[in-house]
Structures are given as structure tokens and as C-alpha cells.
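# Reading the structure
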Amino acid sequence: DKWWGTGFTEWTNVKKAMPKFTNHYQPHVPLDSLGYYNLSDVEVMRYQTKLAANHGIYGFSFYFYWFAGKRLLETPLLNYLKSNISFPFCLTWANENWSKRWDGMNNDLLISQQHSDVDDVQFIEYLSKYIKDDRYIRINGRPLILVYRPSLLPNAAMTALRWRHYARNHGIGEIYLAYPQSFDKVDPKVYNFDAAIEFPPLNM
């Protein structure tokens, strides 16, 4: 409400879409079964997981917004964690700054990342309540943690090392670190990560 106006959601922008050429179907109107859905409603998530499962989707990755301990848009995740929805999930830390430009750049900054050694530990400590959940996606038994843009971390390899150390010493075990190839395209070993994941249609 403070940054975008009272009652703003991403549907606000979707509804503004206008046709740009003949027979251009805009704006797209959601299916009646969900409508302009609200992800803070557990029943919406329950319906979406059934829809996904019926179409061969294995699980969901939720964006996780962490800014030196401040968390934004976490209500759907917390609700999901408390629910009995039996659908696999994992987290992707959307580790960009937030700006009015919607692209993570530093123009019109709303909230920024503040990295530190202490924050690395606090991050993985907080995340543990999610990654210990039985529904959490694992690769060969290792919980999958994604970082959207590891190149933005001051030293991604050291951050990964701190996370791995914490996980080994706090009942989590080995973790599986990956990043989506949205901006970064290097070998994941550069970041002390285990894998990179394709991110179509970005950069195609």
C-alpha cells in the first residue's frame, strides 16, 4: 500500500493491458474457477496444486524475499507451511534490491539487500523451518535451495560455505544449491553451487 497504492496487486497491472493490434486478446481474464486469485488464500493454493499435479507439474518453487532479516510477501509461504497440502515445494531467494523499476536495478530504490557474514547464518537458520518440512524438494536427499542472482552476493562461494557448514551442524545435512540462469550463466562451481537451472523464456 505504501509503495504502490492501497489495494495494489500484480492483477492491477494485468487488468490495464490493452490490445496492440487486430485480434490481440488483451487483457487476459482468469478462469472462472480461480478468478483474480489471492495467494494468501490457502484454498486457492490447494486448487492450484491439484491443477498442477493433473498436468504433470512435480512441484512449485516459491520466491522468498529476505532483506537482512526483513521478509516480504511471506504470508502465502507461511500458510502453505501450516497447511495439509501435500505438494512438493522449494524456495528461491529473490536476492535483488526492490525498486520502482521492477527489475532489481538501483533506480528509485524501495528496499535494498544488506549482506554480511552474520546475515548469511541468520538466513539459513530462518530457512531451516522450511527445508526441514517433509514436502520440501530434495535432490538425492539434499534440500534444494535456489538463489536468483548469486553474482549479486559479495562472495557467493563463502556464503555457500557458511550455509553448508550451518546445515551440517544443525540437523539438515548436505544441501543442494542451484541458481536459475536468468542473469548469471557461469559454471555453478564458481559460486560453490551444485547446479544451474534453465530459466526460459528469459534471455532466449
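This text follows the structure it describes.
Quantities reported herein were computed from a predicted structural model and do not represent experimental measurements.

## Quick look at the overall build of the protein
Along its length, the protein carries five helices and nine strands. For the protein, the N- to C-terminal ordering of α and β elements is α-α-β-β-α-β-β-β-α-β-β-α-β-β. Since a compact globule built from 204 residues should have a radius of gyration of about 17 Å, the 18 Å found for the protein is in line with a globular shape. Taken along its principal axes, the extent of the C-alpha atoms in the protein is 55 × 40 × 35 Å. Expressed as a percentage of the 204 residues in the protein, the buried residues total 39%. Across the protein, contacts joining residues at least 24 apart in sequence account for 62% of those joining residues at least 6 apart. Accessible area of the protein: about 12,100 Å², with a carbon and sulfur share of 53%. The positive charge centre, built from 22 side chains, and the negative charge centre, built from 20, are 2 Å apart in the protein.

Thresholds, definitions, all that
- Residues numbered from 1 in each chain as written.
- Predicted model: local features only at pLDDT ≥ 70, side-chain atom pairs only at ≥ 80, totals over all residues.
- Heavy atoms only, no water.
- Helix = DSSP H or I, 4+ residues; strand = E, 2+ residues; numbered from the N terminus.
- Rg over C-alpha atoms; globule rule 2.2 N^0.38 Å.
- Buried < 20%, exposed > 50% of the residue type's maximum accessible area, 1.4 Å probe, protein only.
- Contact = heavy atoms within 4.5 Å.
- Areas by Shrake-Rupley, 256 points an atom, 1.4 Å probe, with all protein chains shown as cover.
- Lys, Arg positive; Asp, Glu negative; His and termini not counted.
- Charge placed at Lys NZ, Arg CZ, Asp CG, Glu CD.

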